[in-house]
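Okay, here's what each chain looks like letter by letter:
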Amino acid sequence: MKLVVAVVQDKDSNRLSNALVKDGFRATKLASTGGFLRAGNTTFMIGIEDDRVEEVMQVIQANCKIREQMVTPVSPMGGTTDSYIPFPVEVQVGGAAVFVLPVERFEHF
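Residues numbered from 1 in each chain as written. Predicted model: local features only at pLDDT ≥ 70, side-chain atom pairs only at ≥ 80, totals over all residues. Heavy atoms only, no water.

The name given to the protein in an unreviewed UniProt entry is Transcriptional regulator, and the organism recorded there is Paenibacillus xerothermodurans.

Shown next as structure tokens:
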């Protein structure tokens, strides 16, 4: 058994949740916040049999897309902000960060 932990952008959360349910996967959703952009994310925890890991990975990949977004960087840490003028920059957001962890024991009460 494995635990799949997928951190996805909020924009992809509902689409992924619906696709997981449609394909018979049970998942727990947790609200989370990304460190780099400080934007909302959703973390899915999915307990899955070893032989279905690739199947759930395909569902995640099909429903979580990387996109370009303009962001304005936060002010620099330390130093003076008197001369700091933030200019928007384009960064890639979205997609999914997925971790697959072994599960030593699983109980359902």
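Colleague: Explain the nonpolar core to me, please; I cannot follow it from the model alone.
Modeller: Side chains of nonpolar character tend, in soluble globular proteins, to be buried together. Ranked by internal contacts, the top residues of the largest apolar core, which has 15 residues, are L16, L20, F44, I46 and I60. Secondary structure elements with two or more residues in this core: β1 (2–9), α1 (10–22), β3 (40–48) and α2 (53–63). The element best represented in this core is α2, accounting for four residues. Apart from the residues within four sequence positions on either side, I46 is in contact with K2, L3, V4, L20, R26, A27, V56 and I60. (Core = buried A, V, L, I, M, F, W, Y, C linked by side-chain atoms within 4.5 Å. Buried < 20%, exposed > 50% of the residue type's maximum accessible area, 1.4 Å probe, protein only. Helix = DSSP H or I, 4+ residues; strand = E, 2+ residues; numbered from the N terminus. Contact = heavy atoms within 4.5 Å.)

Colleague: When you look at α2 in this model, what are you seeing that I'm missing?
Modeller: Owing to its 3.6 residues per turn, the α-helix aligns residues three or four sequence positions apart on the same side. Within α2 the residues assigned to the buried category are V53, V56, V59, I60 and N63. In an axial view of α2, the angular spread of the buried residues amounts to 125°, which keeps them on one side of the axis. More than 90 degrees from the buried face of α2, the exposed residues found are E54, Q58 and Q61. Where α2 is buried, its residues contact β1, α1, β3 and β6 (96–102). (Arc of directions from axis to C-beta.)

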